[in-house]
Structures are given as C-alpha cells and as structure tokens.
Amino acid sequence: MNHKIYLPGVKQVIVVASGKGGVGKTTVTVNLALAMQRSGANVGIFDADIYGPNVPLMLGVHRRKASQGYMAVARRKEAAPYIQPLTRFGLKVMSIGLLVGEDEVIDPARSPDAVGQLVVQTLKDVVWGELDYLFIDLPPSAGQPQASLVAHVPIDGVVIVTTPQDLSLLDAGRSLRLFQQGGIPILGIVENMSYFVCPDCGERHEIFQRSDKWRPPNLEETPILGRIPLTPVISKGINKADPLMHDHPDDPVAAAFWEVTAVIQSQLAAKPSR
Ligand SMILES: Nc1ncnc2c1ncn2[C@@H]1O[C@H](COP(=O)(O)OP(=O)(O)OP(=O)(O)O)[C@@H](O)[C@H]1O
Ligand SMILES: [Mg+2]
C-alpha cells in the first residue's frame, strides 16, 4: 500500500490529533462534527482509536449484528466499500470499536504496521456516501495508526487539541511535526479545558497554569482556532451520550464550538480542492 487511498464521495478529511491522552480530542471531535452537521453539511466520523474507541460511547451507538464476525481479511485492492456506517444525530459513524468489539483490545505491540494497515483498510472499506467533511479521531500516540494515515489517506487538514499545560503543548508539538513532515496542512490548535467559568459567580478561572516558556517553536506559527472552556455542560453531554452541540447548541458554551467550526470551514473552503 504505497499510494493514497481514494474515498469516493468524501470532499474533505479532517484529522483530530493530540500528543497526549485525555485532553478532550474525542469530545472536541464529536462536538465539531455535530456543529458542522447542524450548519447544513454532510458529516462523518471515523474513530481510529484502536486503544480506546470512545466515539460510539459518546454518541450512544452500539455494535450491530451486521458488523459481527468482521475480520481484517486480504481483499482485492480495488474492491468496493462494503461496511455500512451507523447513523446517529445525522452523522455517519464508524469505529474500529464497532468492528472488533468495544471491550476487545488490539495489541499494537504485536504488529504496529498491521494495526496501521487495518485502520486505513477499514476507513477505505466503509460506504461513506456523499460527505462534505469526514473527521478522523486519533488515539493519543504519534506512532500508529497516525503514521499509516499520514502516508495513505488524503488528509486535508489537522486539528490539534491541547490543554494549556506545558506537557500537553510539548507533546502536541511532536505530533504536529509528524503531520508537517508528511506535508499535511495544520489547520490550528483547539485549546480545550482552557478556562473555567464559575457557574455561581460567573468569574473566569484559569485552572491549568499556562506557561509560554515551553511553547515549542513549531507551534508559534500555528493559529489557535478557539478556546473551549472546562465545564460540566460539556462533560454531562458526553456522559449521557448526547453531546452539547446536539442537545444544547444554543448554550453560551456552544459559542466556542461554533467559532472553531466557522474558522475550520473557511480555512478549508479557501484551500484548492483535491
Ligand atoms: N471542555 C471540557 N469540559 C469538561 N469536560 C471535558 C471537556 N473536554 C473533555 N472533557 C471530559 O474529559 C474526559 C476526556 O475527554 P476525551 O475522552 O474527549 O479525551 P481524549 O483526548 O479523546 O482522550 P483519549 O486520549 O483517551 O482518547 C471525558 O470524560 C470528557 O467528558
Ligand atoms: Mg479519545
């Protein structure tokens, strides 16, 4: 597999990445995808997190009978897509977790390249239909499947999610470099858990101390797409599998997601189509 795969009908592929786990990548992915869908676009999400596929959990979709017994089998290179995605809140959704089972674990240590190939092949095998945007949610690792996706998937832009903390910024820098080396455009950074607004007094608190001292140089030129507050409104939506941008798109907190959505859409619109 030395060439980029073709995803028929998919106009733009957006990868959401971070160097560090637990910074809110999946939370940001599902909310941005919902915001785009609400703005009138056809949107899909591919959960490429082989370590802990959370997209089905956050959207409340479960494995179907039809996908049971899925095996990564050798197929003809040009074989047509055959895996039907699920539909939830108007989004097309497919996850490695829905195919191998949410509780089962793929051991990447056994064969990292095979894991990368499995993810790319599965992405190609899904019947996505006509999509304006396909989001790919990555696991927190700069190894596989990121490397295989960079090599074989026509990615239009990368959104990096970080928290304001130093370590997260450093790790984001590492992940970012891998995309840059692969010639993939970085759309910018979403700073998640950026601040906390006290529900009682309305005061804004910076929970994670920000230190610009450690900001790696390659992040300097990367724009901040937006800052998402740390707030129970977001985590509650995730816990009840009805994310904020579906359940309460008019909430004041939702404004941050709308802002990021608009910036991404205009950046991608300005880009020559492939
Ligand atoms: N802005 C936020 N406000 C409140 N809670 C949040 C926010 N962002 C994320 N969370 C919560 O933090 C937890 C981790 O988020 P999430 O699973 O999206 O992170 P992740 O980067 O995808 O993690 P992983 O690296 O394990 O894939 C979740 O319980 C989520 O509800
Ligand atoms: Mg995640």
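Reading the values: the criteria
- Residues numbered from 1 in each chain as written.
- Chains lettered and ligands numbered in written order.
- Predicted model: local features only at pLDDT ≥ 70, side-chain atom pairs only at ≥ 80, totals over all residues.
- Helix = DSSP H or I, 4+ residues; strand = E, 2+ residues; numbered from the N terminus.
- Buried ≥ 20, exposed ≤ 12 C-beta atoms within 10 Å, placed from the backbone.
- Contact = placed C-beta atoms within 7 Å.
- Near = placed C-beta within 6 Å.
- Nonpolar A, V, L, I, M, F, W, Y, C, P; charged D, E, K, R; others polar.
- Expected span 1.5 Å × (residues − 1).
- Pairing = 2+ DSSP bridges.
- Axes fitted to C-alpha atoms, helices over the stretch in contact; angles between N-to-C directions.
- Parallel < 35°, antiparallel > 145°, perpendicular 65-115°, else oblique.
- Core = buried A, V, L, I, M, F, W, Y, C linked by C-beta atoms within 7 Å.

Details of the overall build of the protein chain
In terms of regular secondary structure, the protein chain is built from ten helices and ten strands. Per-residue burial over the protein chain gives 43% buried out of 274 residues. When contacts within the protein chain are restricted to residue pairs at least 6 apart in sequence, long-range pairs at least 24 apart make up 83% of them.

A closer look at the site of ligand 1
Neighbouring ligand 1 are 20 residues, the closest being Gly21, Gly24, Thr26, Thr27 and Ser235. Among the residues making up the shell around ligand 1, the classes are represented as seven nonpolar, eleven polar and two charged.

Comments concerning unusual backbone geometry
In this structure, the amide linkage connecting Gln144 to the following residue, Pro145, adopts the cis form with an omega of 5°. Its identity as a non-glycine residue notwithstanding, Phe89 has a phi of 50°, on the positive side. Assignment of secondary structure puts Phe89 in the loop between strand E3 (86–88) and strand E4 (91–95). Assessed through the 19 C-beta atoms surrounding it within 10 Å, Phe89 is described here as partly exposed. Despite not being glycine, Met193 shows a phi value in the positive range, around 55°. Topologically, Met193 is positioned in the loop between strand E7 (186–191) and strand E8 (196–197).

Focus: helix H10 (residues 254–269)
In this model, H10 (16 residues) spans 22 Å end to end at C-alpha, consistent with the 22 Å of a helix rising 1.5 Å per residue. Summarising the contacts, the buried residues of H10 are in contact with strand E1 (10–17), helix H1 (25–38), strand E6 (157–162), E7, strand E10 (224–227) and helix H9 (244–247).

Here we look at the pairing of E6
Here E6 lies mainly inside the structure; five of its six residues are buried. In terms of strand pairing, E1 meets E6 through four bridges, oriented parallel. Across the sheet, Ile14 pairs through a bridge with Gly157, a residue of E6. Examined bridge by bridge, E6 and E7 share five bridges and lie parallel to one another. Paired with Thr162 across the bridge in E7 is Glu191.

Some remarks on the packing of H1 against H10
Two elements in contact, H1 and H10, have axes whose closest approach is 9 Å; the angle formed by their N-to-C orientations is 70°. Accordingly, the angle class assigned to the pair H1 and H10 is roughly perpendicular. Where H1 approaches H10, its residues Asn31, Leu32, Ala35 and Met36 are matched on the opposing element by Phe257, Trp258, Val260 and Thr261.

Some details on the sheet that holds strand E5 (residues 131–137)
Strand order in this open sheet of eight strands is E3-E4-E2-E5-E1-E6-E7-E10, and the pairing throughout is mixed. The sheet terminates laterally at E3 and E10, the two strands that pair on one side only. The sheet shows a mean angle of 25° between the axes of neighbouring strands, taken without regard to direction. The strands touched by H10 are E1, E6, E7 and E10; relative to E10, the strand with the most contacts, the crossing angle is about 165°.

A word on the environment of Ser111
Looking at the element boundaries, Ser111 is found in the loop between helix H3 (96–100) and helix H4 (112–125). Sequence separation between Ser111 and Gln144 is 33 residues; the distance between their C-alpha atoms is 9.9 Å.

Side note on the nonpolar core
The biggest cluster of nonpolar side chains holds 69 residues, and the ones touching the most others in it are Val15, Val16, Ile136, Val158 and Val159. Element by element, the count of residues in this core is highest for H1, at seven residues. In contact with Val159, not counting residues within four places along its chain, are Ile14, Val16, Leu187, Gly188, Val190, Leu225 and Ile264.

Points about H1
Its 14 residues give H1 an end-to-end C-alpha distance of 20 Å, which sits within 8% of 20 Å, the value for a rise of 1.5 Å per residue. Counting buried positions along H1 yields 13 of 14 residues, so the element is predominantly enclosed. Remark: Gly40 follows H1 within two positions and exhibits a positive phi of approximately 110°.

Digging into the environment of Val16
With respect to the element layout, Val16 can be found in strand E1. Separated by 13 residues in sequence, Val16 and Thr29 place their C-alpha atoms 6.7 Å apart. Every residue in contact with Val16, bar those within four places of it in the chain, is listed here: Lys25, Val28, Thr29, Phe135, Ile136, Asp137, Leu138, Val159 and Val161.

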